[in-house]
Amino acid sequence: MEERIRRYQENIRTIRASGCAVPTSAMVDSLDPAVIELWFADNAFSIDRIRKLTAKIAELPDDTEFPSPFIPIAKGEGKN
């Protein structure tokens, strides 16, 4: 973990030195090892949740239908 944190810190320093902003949607903008380690742990948890969800979705019957995120569901619809 120490080497991973050291490489992450180096990446942050390189991004800052280039004059670019750290893409905070993808990375935590910190050189604090505790903050970086927490960020790694949080990402690992998120990845695990996504893998479990995709595995459950893959087990659903082929004819399973999902509501479109582009079509709003009317109030009361789908509550059976």
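This text goes with the structure placed above it.
Residues numbered from 1 in each chain as written. Predicted model: local features only at pLDDT ≥ 70, side-chain atom pairs only at ≥ 80, totals over all residues. Heavy atoms only, no water.

## A closer look at the side chain of Q9
- Of note, Q9 is situated in helix 1 (residues 2-17).
- In this structure, Q9 is in contact with L31, P33 and I36, ignoring residues within four places of it in sequence. (Helix = DSSP H or I, 4+ residues; strand = E, 2+ residues; numbered from the N terminus. Contact = heavy atoms within 4.5 Å.)

## Comments concerning the nonpolar core
- Counting eight residues, the largest nonpolar core is built from I5, Y8, I12, V22, M27, V28, I36 and F40.
- Listed by contribution, the elements that provide at least two residues to this core are helix 1 and helix 2 (33-58).
- A per-element tally of this core places helix 1 first, with three residues.
- Beyond its immediate stretch of four places on either side in the chain, V22 contacts I12, I15, R16, M27, V28 and D29. (Core = buried A, V, L, I, M, F, W, Y, C linked by side-chain atoms within 4.5 Å. Buried < 20%, exposed > 50% of the residue type's maximum accessible area, 1.4 Å probe, protein only.)

## Notes on a nonpolar patch on the surface
- A surface patch of nonpolar side chains, amounting to about 380 Å² of accessible area, comprises L53, I57, L60 and F66.
- Structurally, L53 is set in helix 2.
- Using a relative accessible area of 49% as the deciding quantity, one classes L53 as partly exposed. (Patch = residues over 30% accessible without salt bridge, like charges linked within 9 Å, V, L, I, M, F, W, Y side chains within 5 Å. Areas by Shrake-Rupley, 256 points an atom, 1.4 Å probe, with all protein chains shown as cover. Salt bridge = Lys/Arg side-chain N within 4 Å of Asp/Glu carboxyl O.)

## Some remarks on the packing of aromatic side chains
- The tally for this structure, following the rule as stated, stands at three aromatic pairs.
- Between the aromatic rings of Y8 and F40, the centroid separation amounts to 5.6 Å while the plane-to-plane angle is 80°, which identifies the pairing as edge-to-face. Residue Y8 is found in helix 1, and its partner F40 is found in helix 2; the two are separated by 32 residues along the sequence.
- Residue classification places Y8 among the buried residues on the basis of a relative accessible area of 6%. (Phe/Tyr/Trp six-rings, centres within 6.5 Å; stacked < 30°, edge-to-face > 60°.)

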